[in-house]
Amino acid sequence: MRWRSVLVEAIAVAAAAIFVAVVFNAARPVGGLPLIARTPYQVLVPCPEPGGPVQPLPPTDPELAADRTFLVDARPADDFTRHHLPGAVHLPYDWLDPVPEDRLQQLVEAIATSRATRVVVYGDGGRPDSGEHLGREISGRGIKNVFFVSGGASALFGVEQP
Amino acid sequence: MSAARTAAWLAVPARWYLGILFIGACLHKIADPHSFAVDIATYDILPLILVNLAAVTLPWIELAAGAMLLVGWRARTASLLITGMMAVFLAALAVALARGLDMSCGCFASQGAEEDPISHLTILRDLWWLGLALFVLFFDQGLAGIDHRFQRSNK
């Protein structure tokens, strides 16, 4: 067996190919690349959504007022101040800024240490719905039985969302 | 016909298949190295200073190996090169999948993630090609190739 010679030949072929590649790249009138990249490439890779499963809940569901329900309000602070369900914890979901990891973790710990058996998140009720997306983030961190209110605050309080 | 001889003849179409495959795969990368560099950068594995170097040189190694397999010149050398490249590609794919990246493989024409997304099927496909390259590496005797014609097989 001449494995050693095969390996040596492979290295030689690779070296020759690299030499031709570098010469060809330098000689091509257009489209050549600088061999050392200086600025990072702008790659657009959709980030995997870290979310977990959530289920819709009708705004009239009596479980919304149950003791074992952990309520989360995903709307902006102004809307939360104006009206919110009693006992709801406020964690605004912003489409442009991700929810701070420490605040999300605090919320998850609060849910985990509570005696709640289900989590209900409500948002602005738009499409997409901030409540549903915050619910997915909570569910994605290991919390089970996460629901979002169908129609969000619009359906709950009868107010039109912008 | 002995088993080794049968395997040697089976290695011939495997060689041709891999040769055509790798020549086909390298053409768009040679024509448009910038797109290939973006594909490499998307994997986010190589440091930035190596991205362009890989984008410029890798397709030419693919071309050399593919042409050698196709014409049957130093086929085992070429299949060793392809085995090494496939091992690297597989490792990069596995890392990208483990990270959950929703991206294109970049193996052939540059496509978006929606048209040619990486998946476990991509891994299986590359494993098949790796298997073929190993088969040629171990069983090729240079039949129906330049080496055989000039009695200069690697074996």
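Note that residues are indexed from 1 along each chain, following the sequence as it is written. The order in which chains are written sets their letters, starting at A; the order in which ligands are written sets their numbers, starting at 1. Note on the predicted model: pLDDT of at least 70 is required for a residue's local features to be given, and 80 or more for side-chain atom pairs to be given and counted; whole-chain, interface and lining totals, by contrast, use all residues.

1. Some points on the overall build of chain A
Next up, step 1: Each helix corresponds to a stretch of at least 4 residues labelled H or I by DSSP, and each strand to a stretch of at least 2 residues labelled E; elements are numbered beginning at the N terminus. When helices and strands are tallied, chain A shows five helices and five strands.
Next up, step 2: Across chain A, helices and strands are ordered from the amino to the carboxyl terminus as α-β-β-α-β-α-β-α-β-α.
Next up, step 3: Counting other C-beta atoms within 10 Å of a residue's own tells you its class, since 20 or more makes it buried, 12 or fewer makes it exposed, and anything in between is partly exposed; those C-beta atoms are placed from the backbone. When each of the 162 residues of chain A is scored for burial, the buried share is 27%.
Next up, step 4: The contacts of chain A with a sequence gap of at least 6 include a subset with a gap of at least 24, amounting to 63%. Each residue is represented by a C-beta atom placed from its backbone, and any two residues with such atoms within 7 Å are regarded as in contact.

2. A closer look at the packing of helix α1 (residues 3-27) of chain A against helix α3 (residues 48-71) of chain B
Next up, step 1: Between N-to-C directions, angles cover 0 to 180 degrees, with each direction set by a line fitted to C-alpha atoms, over the stretch in contact for helices. Direction vectors running N to C along α1 of chain A and α3 of chain B enclose 125 degrees, while the axes themselves pass 8 Å from each other. Relative to α3 of chain B, the element α1 of chain A lies oblique. Relative to α3 of chain B, the crossing made by α1 of chain A is right-handed. Each of Val-13, Ala-14, Ala-17, Ile-18, Val-20, Ala-21, Val-22 and Asn-25 of chain A in α1 of chain A lies in contact with α3 of chain B, whose residues at this interface are Val-56, Thr-57, Trp-60, Ile-61 and Ala-64 of chain B.
Next up, step 2: Asp, Glu, Lys and Arg are counted as charged, while Ala, Val, Leu, Ile, Met, Phe, Trp, Tyr, Cys and Pro are counted as nonpolar; the rest, among them Gly, fall into the polar class. Looking at the contact of α1 of chain A with α3 of chain B residue by residue, the class counts come to eleven nonpolar, two polar and no charged. In this scheme, roughly parallel covers angles under 35 degrees and roughly antiparallel covers those over 145, while 65 to 115 is roughly perpendicular and the rest are oblique. By convention the crossing between two helices is left-handed if the near helix lies anticlockwise of the far one by an angle smaller than a right angle, and right-handed if it lies clockwise.

3. Structural notes on the sheet that holds strand β3 (residues 89-90) of chain A
Residue and element names in this part refer to chain A.
Next up, step 1: Judged by pairing direction, the sheet is parallel, and its five strands sit side by side in the order β1-β5-β4-β2-β3 without closing on themselves. Across the chains shown, the open sheet's two edge strands, defined by having one partner strand only, are β1 (55-57) and β3.
Next up, step 2: With respect to the sheet, helix α4 (residues 130-139) is in contact with β2 (69-73), β4 (118-122) and β5 (146-149), its orientation differing from that of β5 by roughly 175 degrees. Each pair of strands is called paired provided DSSP finds at least two bridges between the two strands.

4. Let's talk about the interface of chain A and chain B
Next up, step 1: Listed as interface residues are 25 residues of chain A and, on the opposing side, 29 residues of chain B.
Next up, step 2: Taken together, the residues of the side of chain A that touches chain B sort by class into 21 nonpolar, two polar and two charged.

5. A closer look at the nonpolar core
Next up, step 1: For this entry, the nonpolar core is defined as buried Ala, Val, Leu, Ile, Met, Phe, Trp, Tyr and Cys residues connected by C-beta atoms within 7 Å. Among the nonpolar cores identified, the biggest contains 49 residues, and Leu-18, Ile-61, Ala-65, Leu-81, Ile-82, Ala-133 and Val-136 of chain B are the most heavily contacted of them.
Next up, step 2: When residues of this core are traced back to their parent elements, those giving at least two are α1 of chain A together with α1 (3-31), α2 (33-43), α3, α4 (75-99) and α5 (120-139) of chain B.
Next up, step 3: Aside from chain neighbours lying at most four places away, what touches Ile-82 of chain B is Leu-18, Phe-22, Ala-65 and Ala-133 of chain B.

6. Focus: the environment of Arg-99 of chain B
Residue and element names in this part refer to chain B.
Next up, step 1: Topologically, Arg-99 is positioned in helix α4.
Next up, step 2: Owing to 14 C-beta atoms within 10 Å, Arg-99 belongs among the partly exposed residues under this scheme.
Next up, step 3: Separated by 56 residues in the primary sequence, Arg-99 and Tyr-43 have C-alpha atoms spaced 9.8 Å apart.

7. Looking at the pairing of β2 of chain A
All names here are of chain A.
Next up, step 1: Among the five residues that make up β2, five are buried, leaving the element largely enclosed by the rest of the structure.
Next up, step 2: Every second residue of β2 is oriented toward a common face, with Thr-69, Leu-71 and Asp-73 on one face and Phe-70 and Val-72 on the other, all of them buried.
Next up, step 3: The pairing of β2 with β4 spans five bridges and is classified as parallel. Bridge pairing in β4 places Val-72 opposite Val-121.
Next up, step 4: Alignment of β2 against β3, held across two bridges, turns out to be parallel. Looking at the pairing, Val-72 lines up with Val-89 of β3.

Limitation: the analysis is restricted to geometry and does not speak to function.
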